[in-house]
Amino acid sequence: MLSNRLKNITPSVTVGISSKVKELKAQGNNIINLSIGEPDFNVPEKAKEYGKKSLDDNKTKYDLVSGITELREEICKKLSKENNIEYTPDQIVLSSGAKNSITNILLAITDPGDEVLLPLPYWVSYSEMVKVTNAIPREIKTKKEHDFKLTKEDLLASINENSKLLILTNPSNPTGAVYTKDELVEIAKVCIENNIYIMADEIYEKIHFDNSFISVASLSPEIKDITITVNGFAKCAAMTGIRLGYTASNTEIAKAMSSIQSHVVSHPSLTAQYIGLGVLKECQDDMDNMVETYKRRYEIITNRLDKIKGISYVKPLGAFYIFVDLSNVKKNYNYDESFSIKFCEDFLNEKRVALVPGKAFGIDEYVRISYACHEDEFLDGVNKLEDFINPYIQQ
Ligand code: PMP
Ligand code: GLU
């Protein structure tokens, strides 16, 4: 008999679709993959050199649980310079990817029965991680008119005495929406008044298009104290497979996460940490170039989507996703349980284009397009999407 916790947990939809695409490609199928959020760039060369050198220097033994001191110091400098938040190295915990950081936070902060607040739509893994750690995911409805961003009113309507932690993704996956300073201040105020921690997932922070991004923890010492910021190297430095993430928090929470991590994984791979060190020390230009490319792609894809009749989308200000509203297609579509899952299956089978169903993010009328690939590829995919949905929109 397996653990009861598995009863309500589904494997990751994003990772599942991407694995299916890999299989189909291996069988010789030509697939346009606009599903997983994975940069098409390579890890910057100078960062790779740091990894290679660390192996040559035999940096291959067990090391500090929270990560090498040099990297934690570099992260503190980065947070001070770019995010306007002051931390000391003992408040930084490195882990094997942001996913690992998030589970560390959940294990350090929640008890069984505590509720973790998830504004809809939310990244697919949050709810499942919450369930794995025996807490309770509490979805919060948000409004499309407000780009699905959480408001103070939405939050107040959803909290109760069991509310323990709010997960705030900024820029958002799947919408790409970015919170303004005033919006963050209002939300944080409610959290302080109600003893709710904030997990600020800022893994897409570098990819934003109008300079409006601001870290919630930078807003005041009180807000900083209740906030655990999550970040990583997967998106900003195209290091998805290397697995390196980190948290910045108050010392008490950092110690708690370190204690948990010491038993679960000891520490993230040393080679990964040296590559991360190379990124922060030497690869700012590479990261800036990637962001420039995403900006250009964002213009191209939104211009193209604006010409398609019958659909709309949340105007993204960051990340590399577009969350497309297909309500007009849904009205005329044949499906049993979930429109977006059936739609994405049919679209993949018929047009060989992979998208992620909105259901994975909690909203079934939508699909998510990732444009972290060459424009020829995503434009081909969007042309096929237009052809595919046209008959349903005409009805
Ligand atoms: N947070 C968000 C919002 C994400 O989209 C992802 C997916 N990369 C993660 C966290 C996990 O990142 P990592 O690959 O570093 O585990
Ligand atoms: N987070 C990315 C996505 O949403 C990568 C896949 C995953 O880790 O879920 O597609």
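See the structure shown above.
Just so we're clear, the structure is a prediction, and the values are computed from it rather than from any experiment.

**Here's the deal with the site of ligand 2**
Item 1. All residues in the neighbourhood of ligand 2 are listed as Thr-14, Ile-36, Gly-37, Lys-99, Trp-123, Asn-173, Tyr-204, Lys-235, Tyr-321 and Arg-368.
Item 2. Between ligand 2 and the protein, one listed contact pairs an oxygen atom with a side-chain N or O atom of Trp-123 at 3.1 Å.
Item 3. Notes on ligand 2: free accessible area 280 Å², of which the protein chains cover 89%.
Item 4. Among the residues making up the shell around ligand 2, the classes are represented as four nonpolar, three polar and three charged.

**Remarks on the nonpolar core**
Item 1. Judged by nonpolar contacts, the single largest core of 78 residues is most densely connected at Leu-305, Phe-343, Leu-355 and Ile-369.
Item 2. In terms of residues, this core owes the most to one element, helix α11 (residues 284–305), which gives six residues.
Item 3. Not counting the four nearest positions on each side in its chain, Phe-343 is found in contact with Leu-326, Val-329, Tyr-333, Val-367, Leu-385, Phe-388 and Ile-389.
Item 4. One finds Ala-47, Ile-75, Ile-92 and Tyr-246 within the second-largest nonpolar core, a separate group that totals 26 residues.

**Topic: the sheet that holds strand β7 (residues 227–232)**
Item 1. With mixed pairing, the seven strands of this open sheet are ordered in space as β2-β8-β7-β6-β5-β3-β4. Two strands close off the open sheet at either side, each with one partner strand: β2 (92–95) and β4 (136–140). Mean inter-strand twist for the sheet, computed between neighbouring axes without regard to direction, equals 25°.
Item 2. Lying over the sheet, helix α9 (residues 251–264) contacts β2, β6 (197–201), β7 and β8 (245–248), oriented at roughly 30° with respect to β2.

**Points about unusual backbone geometry**
Item 1. Note that the residue after Leu-120, namely Pro-121, is joined by a cis bond; omega there is -5°.
Item 2. With respect to the helices and strands, the residue Pro-121 is situated in the loop between β3 (115–119) and α5 (125–132).
Item 3. A cis amide bond links Asn-173 to the next residue, Pro-174, at an omega of 25°.
Item 4. Residue Asn-84 is not a glycine yet carries a positive backbone phi of 65°.
Item 5. Following the sequence through the fold, Asn-84 ends up in the loop between α3 (69–83) and β2.
Item 6. One non-glycine residue, Asn-134, lies in positive phi territory at about 70°.

**Overview of the pairing of β6**
Regular strands place their side chains on alternate faces of the sheet.
Item 1. Taken across its five residues, β6 has four buried, putting it largely inside the fold.
Item 2. Taken together, strand β5 (residues 163–169), helix α7 (residues 181–193) and β6 form a β-α-β motif whose crossover is right-handed.
Item 3. Of the pairings in the sheet, the one linking β6 to β7 comprises four bridges and is parallel in character. Among the inter-strand pairings, Ile-198 is bridged to a residue of β7, identified as Thr-227.

**Remarks on the pattern of salt bridges**
Item 1. In total, this model carries 23 salt bridges according to the counting rule given.
Item 2. Where Lys-149 meets Glu-183, a salt bridge forms, and the shortest distance between an N and an O atom there is 3.0 Å. In this pair, Lys-149 is assigned in the loop between β4 and α6 (152–158) and Glu-183 in helix α7, connecting sequence segments 34 residues apart. Both residues of the pair, Lys-149 and Glu-183, count as buried.

**Focus on α7**
Item 1. Between its first and last C-alpha, α7 extends 18 Å over 13 residues, near the 18 Å set by a 1.5 Å rise per residue.
Item 2. Contact partners of the buried residues in α7: α6, β5, β6 and α8 (221–226).
Item 3. Asn-195 sits one or two residues past α7 and shows a positive phi near 55°.

**Re the environment of Gln-284**
Item 1. Of note, Gln-284 is situated in helix α11.
Item 2. Along the primary structure Gln-284 and Thr-247 are separated by 37 residues, whereas in three dimensions their C-alpha atoms are 20 Å apart.
Item 3. When residues no more than four places from it in sequence are discounted, the contact partners of Gln-284 are Glu-82, Lys-206 and Val-279.

**Comments concerning the packing of aromatic side chains**
Item 1. Under the definition given, this model contains 22 aromatic pairs.
Item 2. When the centroid spacing of 5.4 Å and the interplanar angle of 85° are considered together, the rings of Tyr-333 and Phe-339 count as edge-to-face. Summarising the burial analysis for this pair, Tyr-333 and Phe-339 share the class buried.
Item 3. Among the aromatic side chains, those forming a connected cluster through ring pairs are Tyr-333, Tyr-335, Phe-339, Phe-343, Phe-347, Phe-388 and Tyr-392.
Item 4. If you follow Lys-149 out to its NZ or CZ, it ends over the ring of Tyr-179, 5.8 Å from the centre.
Item 5. We note Lys-224 situated over the ring of Tyr-87; from NZ or CZ to the ring centre the distance is 4.7 Å.

**Some points on the packing of α11 against helix α14 (residues 375–394)**
Item 1. Where α11 contacts α14, the axes come no closer than 11 Å and their chain directions differ by 15°. When the axis of α11 is compared with that of α14, the two are roughly parallel. Note on packing geometry: the crossing formed by α11 with α14 is right-handed. Between α11 and α14, the contacting residues are Arg-296, Arg-297, Ile-300, Ile-301, Arg-304 and Leu-305 on the first element and Glu-375, Phe-378, Leu-379, Val-382, Asn-383 and Glu-386 on the second.
Item 2. Its residues placed into classes, the contact of α11 with α14 shows six nonpolar, one polar and five charged.

**What about the sheet that holds strand β10 (residues 321–325)?**
Item 1. Taken together, four strands build an open sheet; the order of strands is β9-β10-β13-β12 and the sheet is antiparallel. Among the strands making up the open sheet, the edge pair consists of β9 (312–313) and β12 (356–357).
Item 2. With two bridges connecting them, β9 and β10 associate as antiparallel partners. Each residue of the ladder has a partner; that of Ser-312, found in β10, is Asp-325.

What counts as what
Residues numbered from 1 in each chain as written. Chains lettered and ligands numbered in written order. Predicted model: local features only at pLDDT ≥ 70, side-chain atom pairs only at ≥ 80, totals over all residues. Heavy atoms only, no water. Near = heavy atom within 4 Å. Polar contact = N/O pair within 3.5 Å; in protein donor to acceptor, adjacent residues only side chain to side chain. Areas by Shrake-Rupley, 256 points an atom, 1.4 Å probe, with all protein chains shown as cover. Nonpolar A, V, L, I, M, F, W, Y, C, P; charged D, E, K, R; others polar. Core = buried A, V, L, I, M, F, W, Y, C linked by side-chain atoms within 4.5 Å. Buried < 20%, exposed > 50% of the residue type's maximum accessible area, 1.4 Å probe, protein only. Helix = DSSP H or I, 4+ residues; strand = E, 2+ residues; numbered from the N terminus. Contact = heavy atoms within 4.5 Å. Pairing = 2+ DSSP bridges. Axes fitted to C-alpha atoms, helices over the stretch in contact; angles between N-to-C directions. Right-handed = clockwise from strand over helix to strand, strands pointing away. Salt bridge = Lys/Arg side-chain N within 4 Å of Asp/Glu carboxyl O. Expected span 1.5 Å × (residues − 1). Phe/Tyr/Trp six-rings, centres within 6.5 Å; stacked < 30°, edge-to-face > 60°. Lys NZ or Arg CZ within 6 Å of the ring centre and 35° of its normal. Parallel < 35°, antiparallel > 145°, perpendicular 65-115°, else oblique. Left-handed = near helix turned anticlockwise from the far one by under 90°.

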